[in-house]
Amino acid sequence: MRYAIANNKGGAGKTTVALCLADALAARGRRVLMVDMDPQANLTRRLGYAESDLSSMVTTSEVVRENRTGCAAEAVIGCRWSVPWAERIDLVPSRFDLENRVPEAGQLGAHLRLARGLDGVTDDYDVVFLDCPPSLGHLTQLSFAAADGVIAPVVAEYDHVAGATRVRDFLTASAQHLDRPSLALVGVIVNAQDRRRGLHTWHLGSLRDLFGDLVWTPPVPSRSVLAEAMDAAEPLRAQTGSVARDLVTIFDELADRLESTNAAA
Ligand SMILES: Nc1ncnc2c1ncn2[C@@H]1O[C@H](COP(=O)(O)OP(=O)(O)O)[C@@H](O)[C@H]1O
Ligand SMILES: [Mg+2]
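Worth saying up front: this structure is predicted, and the values here are computed from it rather than measured.

Structurally, Thr 60 can be placed in helix α3 (residues 60–66). Along the chain, Thr 60 and Gly 106 lie 46 residues apart, while their C-alpha atoms are 19 Å from each other. Apart from the residues within four sequence positions on either side, Thr 60 is in contact with Val 35, Asp 36, Met 37, Val 92, Pro 93, Ser 94 and Leu 98. In this structure the side chain of Thr 60 is engaged in a polar contact, spanning 3.0 Å, whose partner is the backbone oxygen of Asp 36.

Rendered as structure tokens:
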């Protein structure tokens, strides 16, 4: 299954959630492909690649420009985390110049170019994550057109909830125009939850009202160790201490939910 990770709001934890789910899934033996569709390339950096490493590499920008069946195979590189399960995580990296694909949106059938590039390439993986930028523009639409389901990470605050709602409404209105008529939101992951904030508790309730069973549990709490792992380009599971262990347990539960969603599809 291919999942686009999207929210029409920056800083929701799209990239963090994608990486921690990949970490959890690879640790239990699954093969995971991460596709970086954000020109910010945070996913690519957090899997161990500096911008200078990428200057001569094939990235999502070339995959989309090439528009050839299966051409993403030439872009696949390994995860550079120094943990044994990193060998089960691969990456199609991105660079800032992915931005140059945006003006192509007006060309006939342009939204299908990523799907075409990934065709066949994803067969070897149990799960594929397409990490989107915080917009609903062309780069996200390319990801949606290549996805089987959409997961929206969301902080329990107004603008994030609104961003996730726009993702859901966009899919309802436009999935058919992306040649993916049954594409829908399959999960809302509440991230960076702070139980001391009444605001977060209140919006968690409103998320359950808005999205019902689509809100996966448990929420991911706000924890410095997670931000530090992301900053250092290391997996959550390599962090020591009880706070990190608790987060690992939470992402294991979220990975269970993802696998049951996979099985039901
Ligand atoms: N649960 C969390 N606790 C603490 N910091 C977090 C958490 N989730 C994400 N962050 C931090 O918040 C920032 C935004 O997360 P990121 O995954 O880059 O969001 P997005 O991809 O949606 O823009 C990053 O600095 C990340 O390390
Ligand atoms: Mg991101």
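Don't stop here, the text continues.
With that settled, consider the site of ligand 1. Neighbouring ligand 1 are 16 residues; Lys 14, Thr 15, Thr 16, Arg 46 and Asn 191 lie closest to it. One of the side-chain N or O atoms of Asn 191 is found 2.9 Å from a nitrogen atom in ligand 1. In this structure, a nitrogen atom belonging to ligand 1 sits 3.0 Å away from a main-chain N or O atom of Pro 221. A total of 560 Å² of accessible area belongs to ligand 1 in isolation, and the protein chains cover 79% of it. Among the elements of the structure, α1 (14–27) and α8 (224–231) are those that each provide at least two residues to the shell around ligand 1.

All right, on to the sheet that holds strand β2 (residues 32–36) then. With mixed pairing, the 8 strands of this open sheet are ordered in space as β3-β4-β2-β5-β1-β6-β7-β8. Edge strands, defined here as strands with exactly one partner in the open sheet, are β3 (77–78) and β8 (215–216). Seen against the sheet, α1 touches β1 (2–5), β2, β4 (89–92), β5 (127–131), β6 (149–155) and β7 (185–191) and runs at an angle of roughly 165° to β5.

Conventions and cut-offs
Residues numbered from 1 in each chain as written. Chains lettered and ligands numbered in written order. Predicted model: local features only at pLDDT ≥ 70, side-chain atom pairs only at ≥ 80, totals over all residues. Heavy atoms only, no water. Helix = DSSP H or I, 4+ residues; strand = E, 2+ residues; numbered from the N terminus. Contact = heavy atoms within 4.5 Å. Polar contact = N/O pair within 3.5 Å; in protein donor to acceptor, adjacent residues only side chain to side chain. Near = heavy atom within 4 Å. Areas by Shrake-Rupley, 256 points an atom, 1.4 Å probe, with all protein chains shown as cover. Pairing = 2+ DSSP bridges. Axes fitted to C-alpha atoms, helices over the stretch in contact; angles between N-to-C directions.

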